[in-house]
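# Chain and residue survey
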Amino acid sequence: MGKLDGRVVLITGAARGQGEQEARLFAAEGAGVVVADVLDDQGEALAKEIGARYVHLDVSQEADWHTAVAAAKSAYGRIDGLVNNAGILRFNELVATPLDEFQQIVQVNQVGVFLGIKTVAPEIEAAGGGTIVNTASYAGLTGMAWVGAYSATKHAIVGLTRVAALELAAKKIRVNAVCPGAVDTAMSNPAQLDPDADPADSAAASEALDELYRKLVPLGRIGRPEEVARLALFLTGEDSSYITGQPFVIDGGWLAGVSVL
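Residues numbered from 1 in each chain as written. Predicted model: local features only at pLDDT ≥ 70, side-chain atom pairs only at ≥ 80, totals over all residues. Heavy atoms only, no water.

## Here's the deal with unusual backbone geometry
With a phi close to 75 degrees, W146 is a non-glycine residue in the positive phi region. As for its position among the elements, W146 is in the loop between β5 (130-135) and α5 (148-168). We note that K172 has phi near 65 degrees; this positive angle belongs to a residue other than glycine. For K172, the position within the fold is in the loop between α5 and β6 (173-180). According to the relative accessible area criterion, K172 is exposed, its value standing at 60%. (Helix = DSSP H or I, 4+ residues; strand = E, 2+ residues; numbered from the N terminus. Buried < 20%, exposed > 50% of the residue type's maximum accessible area, 1.4 Å probe, protein only.)

## Observations concerning helix α2 (residues 40-50)
Along α2, the residues that are buried comprise G43, L46 and A47. Along the long axis of α2, the arc covered by the buried residues comes to 100 degrees, so they all point the same way. Set apart from the buried face of α2 by more than 90 degrees, the exposed residues are D41, K48 and E49. In the core, the buried residues of α2 are packed alongside α1 (17-28), β2 (32-37) and β3 (53-56). At the exit of α2 stands G51, carrying a positive phi of roughly 75 degrees. (Arc of directions from axis to C-beta. Contact = heavy atoms within 4.5 Å.)

## Things to note about the environment of V217
Tracing the chain through its elements places V217 in the loop between α6 (199-216) and α7 (225-236). Taking the C-alpha atoms as reference, V217 lies 38 Å from E62; in sequence the two are 155 residues apart.

## Considerations on the nonpolar core
Ranked by size, the top nonpolar core spans 44 residues in total, and within it L10, W65, I132 and L168 carry the most contacts. Elements with a minimum of two residues in this core: β2, α3 (62-76), α4 (99-126), α5, β6 and α6. If you tally residues by element for this core, the top one is α4, at 8 residues. Excluding its chain neighbours within four sequence positions, the residues that come into contact with W65 are L10, T12, L57, V59, L82, N84, G112, L115, G116, T119 and V120. If you look at the next biggest cluster of nonpolar residues, it comprises 22 residues, including A23, F26, A31 and V133. (Core = buried A, V, L, I, M, F, W, Y, C linked by side-chain atoms within 4.5 Å.)

What follows is the structure, given as structure tokens:
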């Protein structure tokens, strides 16, 4: 018996990385999964492999959200879970960040989560209640140089999570956030995205990142996307039935060495 038997969960940014691992794990635990992404080929292949439904979803576009909800209801009849996982990261000094870059990050990371809550929460209420899990970040609880726009949006997601939890509790919807530290995905290691990259260069980049995280992270390594997926599963299932409005840090102890007021 799976931990999500009978549940229907829409996961954004699910074609790769953390979202992919969440989709795989949720499907294995019995959920009807909607794989949502802008990476259509990868998303469709994953959905076919795990027996899910794929839908194209640009999370910054409200019309896409309505289309995704319609597709999910067509496939499964309802929705009672949402994982707002989609996000982008750009490295830049704050004062050197172009306005259009800052706004793009806000549109995907922050507006995307807002639209997800706004569009899907009424569907979850209609289904009798359920859960929303937002992907924030370690950088949403403290400052981090060179990722100012990203950090700002992740702080906003923590705030949205708390407000949504307060407003939606009476509708039997729990809302929590996962706050990963560095995780071994293409987002944290862009060399994984370059099909023309020399494998030796990609390996060297990965080795350099591993060395960095061995120094920064008390547990001595970068996180794995499947570890974040297990936390998202906990917050989606009944094991967390008395938890709402909380940001859960999963960072190997990194934040433990940072003062947060």
